[in-house]
Amino acid sequence: AIAYGIVPADAMETRRVAGRIVPAMITTTALVSSLSCLELVKVLKGLPLKLHRNAFVNLALPFFAFTAPLPAEEIAGVNGKTHTIWDRIVIKGSSKSPVESMTLRKFLSKVQKK
């Protein structure tokens with residue numbers, strides 16, 4: 001504590017501070033878990049993006065703010081298609097052997113076809 005300019009505390013003061021931190025961590029974890037589960041249910045039900053929410057929470061104030069998420073930015077891709085950072089391209093290798101490696105030339109030709 002002295003190395004960082006923090007006033008040293010006795011054992012009872014340390015216990016008092018720690019006794020406040022643990023319940024705050026548990027409360028915050030429960031809140032974040034429940035908000036995540038609510039959003040997961042929305043994803044599983046296939047609800048549109050406008051019904052999802054981003055949450056900013058400060059339990060010390062208390063302050064809760066919910067905003068609608070923005071759609072992902074679209075980026076120009078190959079063959080005039082657009083992609084977002086959430087898109088994925090699945091490239092299947094050889095069906096003969098799962099160990100067989102794919103050359104860079106084969107990979108690029110498959111990407112350009114998609």
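Look a little higher up for the structure.
Digging into the side chain of T84
Then comes step 1: Turning to its location among the elements, T84 is positioned in the loop between β4 (82-83) and α2 (104-113).
Then comes step 2: Leave out the neighbours within four places in its chain, and T84 touches A72, E73 and E74.

Considerations on the pattern of salt bridges
Then comes step 1: The tally for this structure, following the rule as stated, stands at 2 salt bridges.
Then comes step 2: Among the ionic pairs, R16 bridges to E13, the shortest N-O distance being 2.5 Å. With R16 and E13 both in helix α1 (residues 11-45) and 3 residues apart, the pair spans about one turn of that helix.
Then comes step 3: You can call E13 partly exposed: its relative accessible area is 31%.
Then comes step 4: Put simply, K42 and E39 hold a salt bridge, and the shortest N to O gap is 3.1 Å.

Quick word on the pairing of strand β1 (residues 54-58)
Then comes step 1: Here β1 runs beside strand β2 (residues 63-67); their pairing, made up of 5 bridges, is antiparallel. Looking across to β2, one finds that N58 is bridged to F63.
Then comes step 2: Once β1 ends, the chain turns through 4 residues before running back antiparallel as β2.

Let's talk about the environment of R105
Then comes step 1: As for its placement among the helices and strands, R105 is situated in helix α2.
Then comes step 2: Assessed through its relative accessible area of 72%, R105 is described here as exposed.
Then comes step 3: When the C-alpha atoms of R105 and I26 are compared, they prove to be 52 Å apart, with 79 residues separating the residues in sequence.

So, unusual backbone geometry
Then comes step 1: P62 follows L61 through a cis peptide bond whose omega is -15°.
Then comes step 2: Along the chain, P62 falls in the loop between β1 and β2.

Rules behind the numbers
In this numbering scheme, every chain counts its residues from 1 along its sequence in written order. At least 70 in pLDDT is required for a residue's local features to be given in this predicted model, at least 80 for side-chain atom pairs to be given and counted, and no such filter applies to totals for whole chains, interfaces and linings, which use all residues. Just so you know, side-chain values use all the structure's heavy atoms and leave hydrogens and water out. The secondary structure listing takes helices from DSSP runs of H or I that are at least 4 residues long and strands from runs of E that are at least 2 residues long, numbered from the N terminus. Residue contacts are counted whenever heavy atoms from the two residues lie within 4.5 Å of one another. Note on definitions: salt bridges are taken to be side-chain nitrogens of Lys or Arg within 4 Å of carboxyl oxygens of Asp or Glu. Burial here depends on accessible area, computed with a 1.4 Å probe over protein chains only, as a share of the maximum for the residue type. Under 20% is buried, over 50% is exposed, and the range in between is partly exposed. Any two strands are treated as partners once DSSP identifies two or more bridges connecting them.

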